[in-house]
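What follows is each chain in one-letter form.
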Amino acid sequence: MRKLQTFWQNLHLRAKFLLILLVGIVIIGVDAIATLLIPLRAYDEQLYESSSQMISLYAEQIKHEMKNYEDISYRILTDSSLQENLAIIKDASPGTLTWIDAQRNVASRAAYYSLWFSNTVSFQLRTSRGTTYSHFFRASSGANELTDERMTAAACRQGRFIWLTEENGDASRLFLVREIREMENITLDNLGYMLIEVDFPSLVEQYSQAMGSLGVEPRCAVYNKGICLYASDDGIRALGMGEDGYTYMKSDGKPVLCVRYTATNGLKYVTLVDYSGIRTTTLAAVSVTILCILGAALLVVAVSTGLINSILVHFQVLMQKFDAFAISGEPISAQESACYKDRFDEIGDLHRGFDWMTREWTRVNHEKEEQQHLLQEKQMQQLRAQVRPHFLYNTLESIYCLAQNSGDKRIAVMTSSLGKLLRASLNDKRDVVTVREDLQTVRDYLSIQEIRYGERLQVEYAVDDAVMPCHIPAMTVQPLVENAIHHAAEHMLDTCIIRISGNVVPDGIDVIVQDNGPGIDEDILTKLESGEVQPEGLGIGLRNIHKRVQHTFGKEYGLRIHCEDGCTQIIIHLPDTRPEKPETPRADSSTPRGTGEKKGEHRVQTVIGR
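Not measured: the values here are computed from a predicted model.

Topic: helix 13 (residues 435–453)
For helix 13, spanning 19 residues, the distance from its first C-alpha to its last is 26 Å, which sits close to the expected 27 Å at 1.5 Å a residue. For helix 13, the full list of buried residues reads Val435, Asp438, Leu439, Thr441, Val442, Asp444, Tyr445, Leu446, Ser447, Ile448, Gln449 and Tyr453. A positive backbone phi angle near 60° is found at Gly454, which sits one or two residues after helix 13.

This is the structure:
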């Protein structure tokens with residue numbers, strides 16, 4: 001990561017611009033291709049829907065044909081003549097004339113109903129006496145298809161039909177079996193069984209040919225209860241049932257869409273739809289889109305390169321000015337500056353700013369040479385003279401009076417505050433002062449910073465009156481405020497807010513300096529103590545103040561640092577040294593520690609520069 005950062009920093013400006021441009025083009029290109037896939041996906045969904053509708057129509061035709069078998073079986077079941085004769089066969093003695101006539105009539109009705117079937121392998125009817133009447137329309141595996149297992153399955157249905165699917169080697173067989181029960185007087189006694197073996201492959205191919213005449217020749221397989229009843233070829237048989245939906249695959253080297261669909265009668269259909277033509281069209285559309293994106297990207301790069309060069313040429317001119325000024329030290333002439341006089345963008349600002357800087361540098365340099373000459377003349381006088389504090393106070397007082405007389409309040413405030421700061425630092429030799437006196441020094445210091453920072457600095461005070469008479473090492477709060485301004489206000493574009501608060505806590509008092517700057521490490525004091533961090537700058541000041549407080553009041557007091565919600569708090573924890581201590585507030589008081597206003601609280605808000 002470090003090497004990458006170094007590589008980026010050392011790239012030329014033109015390379016950086018082009019790299020940023022290429023990254024943007026790549027992101028847009030990838031997004032465009034991803035967006036292109038959305039309509040293609042929607043198209044595939046529509047293709048699946050249309051294929052499902054086609055299979056649904058196909059399945060409905062087969063379902064209708066199977067419903068015809070069920071209706072015919074019901075006609076046979078309810079045929080009054082057949083019911084009467086089957087009842088005679090059941091009840092009459094074998095060999096009697098009545099029994100023989102009933103046998104003949106049953107055979108006649110069975111032959112009659114056999115004419116109703118199409119796409120059928122066989123139709124068999126068995127009486128309760130065990131006589132079987134069979135009609136075969138195609139080659140069958142055996143003469144008697146009404147086995148005990150099939151009749152038992154039919155008897156469990158109590159007169160309702162049942163479809164049986166059986167595997168027979170590579171082929172499968174589909175039977176409709178039904179028990180015939182006596183309907184007269186609703187006795188529901190067994191009169192016999194009927195069996196219809198359906199030629200399912202012939203049935204499917206009949207409708208496949210019909211759809212082929214419409215220009216659709218589906219490759220399909222049909223399953224019932226996990227058994228394949230029909231498969232147009234071995235390739236589709238090998239696919240298996242699977243879950244409903246669609247997938248893309250290759251069959252015989254060609255792309256196909258495999259659609260699986262379950263009909264309402266429980267039959268599972270697996271079809272293959274030729275996808276080669278659609279895929280060719282889709283790939284052509286995607287290829288054209290990608291070529292258009294690449295062409296647009298190349299055009300953008302070419303145009304952007306020209307525009308970037310037109311901008312960078314002015315930076316090259318500026319660099320040439322830098323080199324020329326570094327060698328000769330001569331300011332940029334007005335004739336050279338005229339090129340960018342009427343240009344008001346950032347480039348014009350840079351050129352005009354540099355040209356002005358060279359002229360100002362020349363002027364300042366000349367003035368510096370003159371001042372150096374004067375300085376040499378006065379050095380002896382300065383070495384002999386020692387400026388005493390009372391002379392400096394008198395001088396500041398004179399400046400203050402002059403500013404007051406001339407009506408310049410800012411100079412008056414600055415000189416007055418500076419005088420107070422000098423008196424506090426030079427005349428007051430006490431090591432410990434009151435919080436009120438230390439905060440007065442802070443106010444004098446902030447009065448000077450008011451003029452420097454203007455509206456960029458805002459100070460808030462929220463100090464409880466009870467804290468004011470407590471003791472604190474001299475010049476404790478002011479360095480912390482100065483550090484807050486240095487590390488917050490000087491590095492921020494927004495307003496720097498410094499809040500100085502103080503309140504009584506159960507084990508002493510807390511004076512808090514809070515700022516909304518970039519913050520510091522909460523463990524900085526511990527790391528300074530352990531030697532993990534070497535003290536410098538802010539670390540030296542914090543450690544010195546921390547040591548002074550501990551040296552004055554004990555190890556349980558000192559500084560704490562807390563950062564939260566974009567604010568940094570430096571808490572000065574001191575002993576409660578009030579002359580008369582009131583009852584210490586309870587730790588579980590409803591007013592949170594360090595927040596809100598309490599009775600007697602000294603709260604002032606100052607907005608600097610307004």
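Quick notes on the packing of helix 3 (residues 80–91) against helix 4 (residues 97–114)
Helix-helix packing is characterised by the crossing angle of the two axes and by the distance between the axes. It is at 9 Å that the axes of helix 3 and helix 4 come closest, and there the two elements cross at 140°. Remark: the crossing between helix 3 and helix 4 carries left-handed chirality. Counted together, Ser81, Leu82, Asn85, Leu86, Ile88 and Ile89 of helix 3 and Thr98, Trp99, Asp101, Ala102, Gln103, Asn105, Val106 and Arg109 of helix 4 form the full contact between these two elements. Among the residues forming the contact of helix 3 with helix 4, the class breakdown is 7 nonpolar, 5 polar and 2 charged.

Details of the sheet that holds strand 3 (residues 162–168)
The 5 strands lie next to each other as 2-1-5-4-3, forming an open sheet whose pairing is antiparallel. Bordering the open sheet on either side are strand 2 (132–136) and strand 3, each of which pairs with just one other strand. Ignoring strand direction, the axes of neighbouring strands in this sheet form an average angle of 20°. Relative to strand 5 (residues 190–198), strand 1 (residues 120–127) is paired through 7 bridges, and the arrangement is antiparallel. Looking at the pairing, Leu125 lines up with Met194 of strand 5. Relative to the sheet, helix 3 contacts strand 1, strand 4 (171–181) and strand 5, its axis offset from that of strand 5 by approximately 125°. Strand contacts of helix 5 (residues 148–156): strand 1, strand 3, strand 4 and strand 5, with the helix running at about 55° to strand 4, the strand carrying the most contacts.

Points about the side chain of Ser202
Of note, Ser202 is situated in helix 6 (residues 200–212). Excluding its chain neighbours within four sequence positions, the residues that come into contact with Ser202 are Asn119 and Arg138.

A closer look at the pairing of strand 12 (residues 457–464)
The element strand 12 is largely enclosed, with a buried count of 8 among its 8 residues. Residues Leu457, Val459, Tyr461 and Val463 point to one face of strand 12 and Gln458, Glu460, Ala462 and Asp464 to the other, with burial holding for every one of them. As paired elements, strand 12 and strand 14 (residues 496–505) share 7 bridges and run parallel to each other. Each residue of the ladder has a partner; that of Tyr461, found in strand 14, is Ile500.

About the criteria used
- Residues numbered from 1 in each chain as written.
- Predicted model: local features only at pLDDT ≥ 70, side-chain atom pairs only at ≥ 80, totals over all residues.
- Heavy atoms only, no water.
- Helix = DSSP H or I, 4+ residues; strand = E, 2+ residues; numbered from the N terminus.
- Expected span 1.5 Å × (residues − 1).
- Buried < 20%, exposed > 50% of the residue type's maximum accessible area, 1.4 Å probe, protein only.
- Axes fitted to C-alpha atoms, helices over the stretch in contact; angles between N-to-C directions.
- Left-handed = near helix turned anticlockwise from the far one by under 90°.
- Contact = heavy atoms within 4.5 Å.
- Nonpolar A, V, L, I, M, F, W, Y, C, P; charged D, E, K, R; others polar.
- Pairing = 2+ DSSP bridges.

Just distances and angles here, no functional claims.
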